[in-house]
Every structure is written in structure tokens, then in C-alpha cells.
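# Structural overview
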Amino acid sequence: MDLKEFGNLAFDKKTMKENVPYPVYLKWKEAARNNTTLDKETADSIAHAMKIWAISKGATSYTHWFQPLNGKTANKKTAFLNRDDKHNPINRFSGNELIKGEPDASSFPSGGMRSTFEARGYTYWDLTANSFIEDKVLYIPSVFVSFYGEKLDKKLPLIESMNILSKYASPICNMFLKDEKTYRVKAKVGLEQEFYLIDKEFYDKRIDLEYCGMSLVGRDSMVEKEIISHYLGAIPQRVNDFFEDVNEQLYNLGIYMEAEHNEVGPNQFEIAIMYENCNISVDNNQLLMHILEKTAIKHNLYCLLKEKPFKNMAGSGKHNNYSLTTNYGKNCFYPGDDPKNNYLFLLFLSAMIKVCNKYQNLIRLSSSSVSNDYRLGGNEAPPSIISVFIGEDLENILKSIAKDQEIKGINNKVKIPHLGEIQTDSSDRNRTSPVAFTGNKFEFRMLGSSKSAADLNTVINLAMAEVLKDIGKRLEGKNEKDLKEEVYKIVKEIYKENSKILFQGDGYSKEWIKEAEKRGLINHKSFLDALVYAKKNSSYEIFKEEKIFSQKEIDSIINVEFEEIIKFCQQELEILSNLIYQEILPSAMKEIKEIKSYLAFLENEKLEEKAKRINENVKVLLEFGEEIKEILKDFEKIKEIEEKAIYIQEKTRKITEEIREVADNLEKEISRENYSMPRYVDMLKSL
């Protein structure tokens, strides 16, 4: 690919500089860097340049692209073409239109924040993010607020949390980085996106995949045995063609693809995008998910982004690699050659340990969803108990500081033919850890594949800001000698108070569950548990303290999450009912009919037994079908939203497992010819 063409469909910093007068560019840069206000003249100039550039690339309309509370993206397209005073055609796009849009917003989730008749919602340009062109439309990344200013999206809280973090982190950096003035600390995020691909023909025949994003019945031990040969193996040609198409689109949008490979599950893959500023990375990931789904259909495939589409197969996550860098590129999480005397690193490392311990509930909540519950705790996914893995070397350093002892060094080397002895990394990777330090960043592995990364990074930014604010107060005004002594005191205190969150072992083991309970760590077995806990224990107070959310906004966010749980569980029950009556029952009846036809001519005890087994399982499924109707009927009588969510999830989790067991037994009894739905072996070996 021609490097000059990289980002040719993105209105990025380089394109801005080339297309607007230099003084206008400087005003935009100042506003983007220091959160200052653009004047109308500057906005008009940028809008004009954007319009001319977009039209030259074939765009015919523009849209404000935003991220409502459901974690998806939304937009409303408006044509550039308009009429002038003499009714002649003209392409029109002003500064006001660039900065502000007004979509009809009544149908987006608001958690009761406003009534349906209060339709007004406003989008405002995020001038720190690149606008881009897709399908002849200029997309303008935006935030979304109500008529009265309440936040109705995921992005505005994220941007505010980034600014608050920088406010408290920058002064600490200036205490230790004397050679360069830090005026901004940026949260940098790299996201690894996992997903499954299946033939679209099979997807279209599975109503559970279509409406729930996961199979509610079925499993296949034959497929399970092929997991090992798939991981990091050769990418199938059909998938390779798909990736080439995806990569070309990312290239044109100026998004750096870093890696792509087969994942653990059959037909499971991963694509990772390079680090960007936190809000840009979230934008890019949302765009990537859209591109994956759109491109899959072009290749007669379907991209499954839900966390657990197939039982007993690896679930899909979105690993969130998080670091903090100064405006000069200094990584605050880089240990250097002498980490014990790298005071800035020790403070930021300790701060993150405290964040993960103090805000266990919010990290669990912001990483997950009702569908992610099916993934956590096995098959390469971390458990639901928050713990932090930093490696033996770093933990020894913290222990030595806490106990005023000398460090016991670890010198691990490995001998490689023709290369001699090579120093290994300071620690191995722990695949079962929800949070792991990986050299110069923290990897948050609990995040679900279908979920927006905005919530988790908002929580991390805000929690880090809160911890660094207290650290900054203690360090302020101290001379160099006292400053270093205070660093060790802070590290010592944080380690002693928060070391219970550090864990080096197997997060899947039963022993760890018992050990975590002894340590006092929270074990939210479901997303709903975490949500109820957050509501009862005012976990969201940190958002009020920094004025990111009002109590009204917090209540609405909690209600939106309850609504999502209710909607997902209702869907599960309704789809299961459909599968019983429309798919499994007719398939079973066909099988029995064939057996009966055979037995009309020949006696066969084994076939008679098989027909009876099928019939018994059909009876049980029909009873479950009636039970689903009763559950939904009783559910409608409940008025309070939290009680509704608790009731329907409890009933759904129990009955879905029971139905699946019976349905899977039936699947084994029914021939391929008579079973109406594609089986696991069909879907997961199709590529």
C-alpha cells in the first residue's frame, strides 16, 4: 500500500493543517490541547475546509456520530445540498452545523432521565477526534447531551475523566521530570478485539444467534477437540480475504492495525489496533466493530461479537491495555533499569494497585454486561474476582520497600541455540488475571467483546485521578530529599493497605475463591450482583465528587443497566420458546415418524427405546415451554425495575440451563437430515 494514501479518508491533524489557514489551525490546536473554546469565525473556517475536502472525496452528506447509553453508535445524516436565496442548488455546511446537531433522541435509552415526549438531544463536536468518510458520508465524532445538559452518552464522561486525570497527574510528573515541563498526561489505550466468524447461511438458520448473539442450545465435543490446532495457526484463505478487506478500510481511515491471528476457539479470531489517546481508541474500536460486521456480510460471513456465542468454547473479550504518558511521551508505567529508584514509576504503579483494590466493584461493573457473565471464569477468560498480577520481581520490590529490606534479585535467563543466554522478561504472563502489569502498561482482561470500552476507561481515569490527587497533596512543597522519603512512605502505606489485591496464582482454582474471600475481596458472580451492590453502596459517588455525573444521571445509568438485563433475559426466554415449538419439537417429531415407519416393517427394541427417549424429552421440553409462559406472565406483574431484573435473571439462568441439557440430549438422538438447525460442527468447521 502507498503510505501517502494512509488515512486518506480521515480529516486528521495533518489534513487539517493542509486545508485551513495556519492561524485557524493554531486556534484549533490550542482548543484541542487546552480545552478552550473555539470562536465562530474559526469554526466556520474549519467547517468550510471540511466540506470542500469531504466533497472532493465523494461525500454527499454529513452526520454527528455519537455513542448513546446503550454502548452502540448512532447518527443522523444530513445532506450538504441545499438551496440558496434564489432557489439555486448549493452545498452548505457552517461552523454552527459542525459544532452542534439535533437528532430526534426520544428513543435512545435514558434510564428515566426524561420522558418520551422530551425528544430533544444535542450532539456537539469532539474536536480532539478525527472526522472521517464512510459510504459518502462525513462522520463527525460527537458527544450527546439532553436539552437540559444531562449526559446521554458514553463519550462525554470519558473525555471529562481524561481531563481530570491530567489535572492531578501532571503536577506529580513535574516534581520528578525536571528537564521537561509536563502540561498534560494522556491516558493511552490499545484494544484487542476478539470475535467469531461463521458462514452467514448457518447464521440465518439460528434464531438464537440472530437475536441473542449466542447459541441457547447445542454443543459438540468433536469440535472441542480441535481447539489446540486452531490457536495461532494458519488463517483460512476465506478469512484472510476478509481481513485484507478490513485492513484496507482501516488503512484508509488512518487506523493502525497492529496484529491479527486465530484465537483459541474454532472460527475465533483477534485483531488489535495500536495505542491511541483514550477517547480516540474507543472511537476506533467502535468503528472497527462496525467494519467487522459490515465486511463479514460482504464475504458471506457473519461476525459474532457477543462474549459467549458457543458453549464450552473460548469466550471473546476486548483486552484493554492502559498506560499514561506525558505530552513529551514519558510513560509513567515504564519501570526503567532501576525500578526501585524510579520514583515516578513506583507512585503510579502503587496508585493503580490502590485503584484496583478500592474500586473493585466499579471495575467489575464497567468491564462487564449480562452477556459477559457467560464468558468469565474459564476458557481463557479471567474470573469475576478482581485481582492484580504484577510479577514476582515488582512485588519483591514493593515488599522490600514495605519491610525496609534489601531486594532479593531474580535473574532468569534462557539458553537459545546460536544466541546463547538471553535475559527473560521480568515476569511471566498470567492468563487468569483480570488485571495484569505487562512491562509498561496494565492489561484489563475482563472487558467483554461486545461492550464499549468507554465505561471501563472512564472508571480507571477517574479512580487514578482520585488516588493521585491525594498523593500530590502529600508531595507538594517538599524538597528533593524529603520528596524521595515521602515516595517510599506512600508506596509502603499503599502496599500494606492494598496488597490483598495482588495475586500471582491460578485464578480459576477453587482454592483462590476461598483465599479471595479470606482476603475480603468482592466476588460478584454476575453483572446484576455488581449493579445491585453499586446501588446499595453508593459506588458511583466518585463521579459526583468530580461533577462528572449528578445523582439524577447516576440513577439513570443504573436504570439503563437494569433495563439491559431485563431485555436480554426476556429475549432469551422468548427465543427459547420459539426454538422449542418451531425447531426442536418438529425435528423430534420427524425423527419419531421415521422410526415408526421403520418399525412398521421390522421389529427393533433399540429403535423403540430411542423413540421413547425422544418422546420423554419432548414432553419435558413442552413442560418447559409452559413454564416460560408463566415466568413471563408473573414478570409483568412486578413494577419496580430492580426487582424485575432480579426475578427474571434468576428464573432465566435456571431454566435455560435445564432446557439446554434436554435439548442437547435430543440433538444427539436426531439425525442430521431431520434436525432443522445447523449444529456446532456445521458452524465451527465451515471456514
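Criteria and thresholds
- Residues numbered from 1 in each chain as written.
- Predicted model: local features only at pLDDT ≥ 70, side-chain atom pairs only at ≥ 80, totals over all residues.
- Heavy atoms only, no water.
- Helix = DSSP H or I, 4+ residues; strand = E, 2+ residues; numbered from the N terminus.
- Rg over C-alpha atoms; globule rule 2.2 N^0.38 Å.
- Contact = heavy atoms within 4.5 Å.
- Areas by Shrake-Rupley, 256 points an atom, 1.4 Å probe, with all protein chains shown as cover.
- Lys, Arg positive; Asp, Glu negative; His and termini not counted.
- Charge placed at Lys NZ, Arg CZ, Asp CG, Glu CD.
- Domains from an automatic or database assignment.
- Buried area = accessible area lost by both parts, 1.4 Å probe.
- Buried < 20%, exposed > 50% of the residue type's maximum accessible area, 1.4 Å probe, protein only.
- Polar contact = N/O pair within 3.5 Å; in protein donor to acceptor, adjacent residues only side chain to side chain.
- Core = buried A, V, L, I, M, F, W, Y, C linked by side-chain atoms within 4.5 Å.
- Expected span 1.5 Å × (residues − 1).
- UniProt positions renumbered as here; feature names shortened; annotations may be inferred.

A few words now on the overall build of the protein. If you tally the helices and strands in the protein, you get 23 helices and 20 strands. Over its C-alpha trace the protein gives a radius of gyration of 28 Å, about what one expects of a compact globule, namely 26 Å for 687 residues. By principal-axis analysis of the C-alpha atoms, the protein measures approximately 95 × 85 × 65 Å. A fraction of 74% describes how many contacts in the protein between residues 6 or more apart in sequence connect residues 24 or more apart. Here the protein has roughly 31500 Å² of accessible surface; of this, 49% comes from carbon and sulfur atoms. Taken as two groups, the 99 positive and 108 negative side-chain charges of the protein have centres that lie 3 Å from each other.

Next up on the list: the domain arrangement of the protein. Under the domain assignment used here, the protein contains domain 1 (3-152), domain 2 (161-218 + 227-549) and domain 3 (565-684). With centres defined by C-alpha atoms, the gap from domain 2 to domain 3 works out at 39 Å. Contact with domain 2, which involves 32 residues of that partner, is made by 27 residues of domain 3. Between domain 2 and domain 3, a total of about 2800 Å² is buried, with carbon and sulfur atoms accounting for 68% of that surface. The largest share of the area that domain 2 buries against domain 3 comes from L216, V217 and L528, three residues that together contribute 21% of it.

Attention shifts here to the environment of V246. Considering the arrangement of structural elements, one finds V246 in helix α10 (residues 237-252). Looking at V246, the relative accessible area reads 0%, which means it is buried. Between the C-alpha atom of V246 and that of D529, which follows or precedes it by 283 residues, the distance is 38 Å.

With that out of the way, let us pick up the side chain of E150. Locating E150 in the fold gives a position in the loop between β9 (137-146) and α5 (155-176). Within polar-contact distance, the side chain of E150 engages the side chain of S146 at 2.2 Å. Of the polar contacts made by the side chain of E150, one reaches the side chain of K552; its length is 3.1 Å.

This part covers the nonpolar core. With 133 residues, the main nonpolar core has Y322, F348 and M464 as its most contacted residues. Examining the composition of this core, we find that 17 residues originate from one element, helix α20 (residues 551-599), more than from any other. Counting only domains with at least three residues in this core, you end up with domain 2 (161-218 + 227-549) and domain 3 (565-684). Residues in contact with M464, not counting those within four places in the same chain, are L165, Y322, L324, F333, F348, A351, M352 and V355. Formed by 25 residues, the second largest nonpolar core is a distinct cluster that contains V137, L197, I255 and A296.

Here we take up helix α3 (residues 40-56). Spanning 17 residues, α3 covers 24 Å between terminal C-alpha atoms, matching the ideal 24 Å at 1.5 Å per step. With a side-chain oxygen positioned 3.2 Å from the backbone nitrogen of E41, the residue opening α3 is D39. Once α3 finishes, G58 follows within two positions and takes phi at roughly 95°, a positive value.

Before going further, it helps to examine helix α18 (residues 527-536). Here α18 has its buried residues at F527, L528, A530, L531, V532 and A534. In this structure, the buried side of α18 is in contact with α13 (360-367), α20 and α22 (641-669). Immediately downstream of α18, the backbone of S538 shows phi near 50°, a positive value.

Turning our eyes to something else, we now look at the UniProt feature "coiled-coil region" (unreviewed entry) in the protein. Mapped onto the present numbering, the UniProt feature "coiled-coil region" (unreviewed entry) falls on residues 592-624. Here residues 592-624 is 85% helix and 0% strand, with 20 Å between the C-alpha atoms at its ends.

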